[in-house]
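# Chains, contacts and geometry: an overview
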Amino acid sequence: MSSDYGIVLQNTVSTVENSKIARSTVQESYDFILDDLDKSIELNAAFTYNYYASSIAAKAFKANVLLYMGGQENYEAAVLLADEVINSGDVELESNFEDVFENGVANSEVIFSRINGEGQASKLSYYYQSLVKVSPWLQDFLVDDPRKEASYNTSNLFLKKIYTSGVSGGPANYMRLAEVYLIKAECQARLNLLAQAEETLNAVRNRAYGGAAPDLEYASQEELLDIIFDEYVKELCFETGAVWFAAIRHGKIEEIKTNVTSSNQYIFQFLLAN
């Protein structure tokens, strides 16, 4: 948080005169983002369609930002925000994992997404569907997980999540309720509230296993955090970039991607696309 290497913040209309702006600090960058999210929450826009902004979307994204920032106070605040989203009654987990993608914008779980107009296909989705294939690492990772069949085509290794035959080219889901549960579980685990974190995590795991996920086996906070990281991969691979940032937080990135040899590479999440 004390680093000088934040982002370039532009809060006025860009002109030639003000185009050269120094980087803000990391703290200033987070403060700027949180201020925007707080204003969005205060506007209290009701949740209608998942491709419109809403107060619960702002709360979900703020919880995510607080998790990234870290620290006990931020973890505690993120848990409270996650609970507000989970208990809002506006969204709920789909009964079946594959329905999150097959139902498109009609699903009950997505909080914020980008959609394509009728008859339009996403070029990015087409790129993934036709050129990107699931890596051997991810195939091994998902080998015994019931979400595998809905994540990629096991015959040709093409992705299913981003491009489905029933919903042309998308939508792109930027935040859904399952991720809010994972954010909450990770914050609880980092606060050493292990039993609570396990209960939160099982809301996602039970859906994946048709209501009866196998019992978790762990002997420490670190082992439970490893399990939570595994769930990020199994639940969210190819969706939002959440796996990349989770891999950095959990100290996994150099292990998974051996071509990552410097923290300077952490900003390029595309390296972990497959």
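Check the entry above for the structure.
I will try to describe carefully the structure that is included in this document. (Residues numbered from 1 in each chain as written. Predicted model: local features only at pLDDT ≥ 70, side-chain atom pairs only at ≥ 80, totals over all residues. Heavy atoms only, no water.)

## Observations regarding the overall build of the chain
A count of helices and strands for the chain gives 12 helices and 2 strands. Reading the helices (α) and strands (β) of the chain from amino to carboxyl end gives α-α-α-α-β-α-α-α-β-α-α-α-α-α. Taken across its 274 residues, the chain has 44% of its residues classed as buried. Total accessible area on the chain stands at roughly 14400 Å², and carbon and sulfur atoms take up 50% of it. (Helix = DSSP H or I, 4+ residues; strand = E, 2+ residues; numbered from the N terminus. Buried < 20%, exposed > 50% of the residue type's maximum accessible area, 1.4 Å probe, protein only. Areas by Shrake-Rupley, 256 points an atom, 1.4 Å probe, with all protein chains shown as cover.)

## Considering the pattern of salt bridges
Pairs can form between side chains of opposite charge once their charged atoms are near each other. Counted according to the given criterion, the structure contains 17 salt bridges. With a shortest N-O distance of 2.9 Å, D226 and K252 are connected by a salt bridge. Linking D226 in helix α10 (residues 221-236) with K252 in the loop between α11 (242-249) and α12 (253-256), this pair joins segments that are 26 residues apart in sequence. Accessibility expressed as a relative area gives 25% for D226, which makes it partly exposed. Residue classification places K252 among the buried residues on the basis of a relative accessible area of 15%. Each of the salt bridges in this network shares a partner with another, and the network as a whole consists of E109, D145, R147, K161, R176, R205, R207, E231, E235 and E239. (Salt bridge = Lys/Arg side-chain N within 4 Å of Asp/Glu carboxyl O.)

## Focus: the layout of surface pockets
Each pocket or cavity is described by its volume, and for the largest pocket that value is around 810 Å³. Y5, V26, Y30, F245 and I267 are, among the 20 residues lining the largest pocket, the residues nearest its centre. Those elements that provide at least two residues to the lining of the largest pocket are α1 (26-43), α2 (55-69) and α11. Top contributing element to the lining of the largest pocket by residue count: α1, with 4 residues. Looking at the lining of the largest pocket residue by residue, the classes come out as 12 nonpolar, 6 polar and 2 charged. (1 Å grid on protein atoms, 1.4 Å probe; cavity = no way out; pocket = protein on both sides within 12 Å on 5 of 7 lines; lining within 4 Å. Points joined across faces, edges and corners; volume = space filled by probe spheres on them. Nonpolar A, V, L, I, M, F, W, Y, C, P; charged D, E, K, R; others polar.)

## Quick notes on helix α8 (residues 177-190)
Between its terminal C-alpha atoms α8 stretches 20 Å, which fits the 20 Å expected from 14 residues at 1.5 Å a residue. In terms of burial, α8 is a largely internal element, 13 of the 14 residues being buried. Trailing α8 by a residue or two, N192 shows a phi angle of about 65°, which is positive. (Expected span 1.5 Å × (residues − 1).)

## Here we look at the packing of α8 against helix α9 (residues 194-208)
One can describe the packing of α8 onto α9 by two numbers: an axis separation of 8 Å at closest approach and a directional angle of 160°. Between α8 and α9, the interaxial angle falls into the category roughly antiparallel. Crossing geometry of α8 relative to α9 is assigned as left-handed. When α8 is examined against α9, the residues A178, Y181, L182, K184, A185, Q188 and A189 are found in contact with a partner set consisting of L194, Q196, A197, T200, L201, A203, V204 and R207. Here the contact of α8 with α9 is composed, by residue class, of 10 nonpolar, 3 polar and 2 charged. (Axes fitted to C-alpha atoms, helices over the stretch in contact; angles between N-to-C directions. Parallel < 35°, antiparallel > 145°, perpendicular 65-115°, else oblique. Left-handed = near helix turned anticlockwise from the far one by under 90°. Contact = heavy atoms within 4.5 Å.)

## Quick look at α11
An α-helical turn contains 3.6 residues, so a residue and the one three or four places further along point in the same direction. When α11 is considered as a whole, its buried residues turn out to be A242, V243, W244, A246 and A247. On its buried side, α11 packs onto α8, α10 and α12. Of the residues trailing α11, G251 is marked for its positive phi of about 70°.

## Observations concerning the side chain of N107
You can see N107 is positioned in the loop between α4 (99-102) and β1 (110-114). A residue is classified by how much of its surface remains accessible, and N107, at 6% relative accessible area, is buried. Only 3.4 Å separates the side chain of N107 from the backbone oxygen of V100, close enough to count as a polar contact. Among the polar contacts made by the side chain of N107, one reaches the main-chain amide nitrogen of E109 at a distance of 2.8 Å. If sequence neighbours within four positions are ignored, N107 has contacts with N50, E94, D99 and V100. (Polar contact = N/O pair within 3.5 Å; in protein donor to acceptor, adjacent residues only side chain to side chain.)

That is the geometry; function is a separate question.
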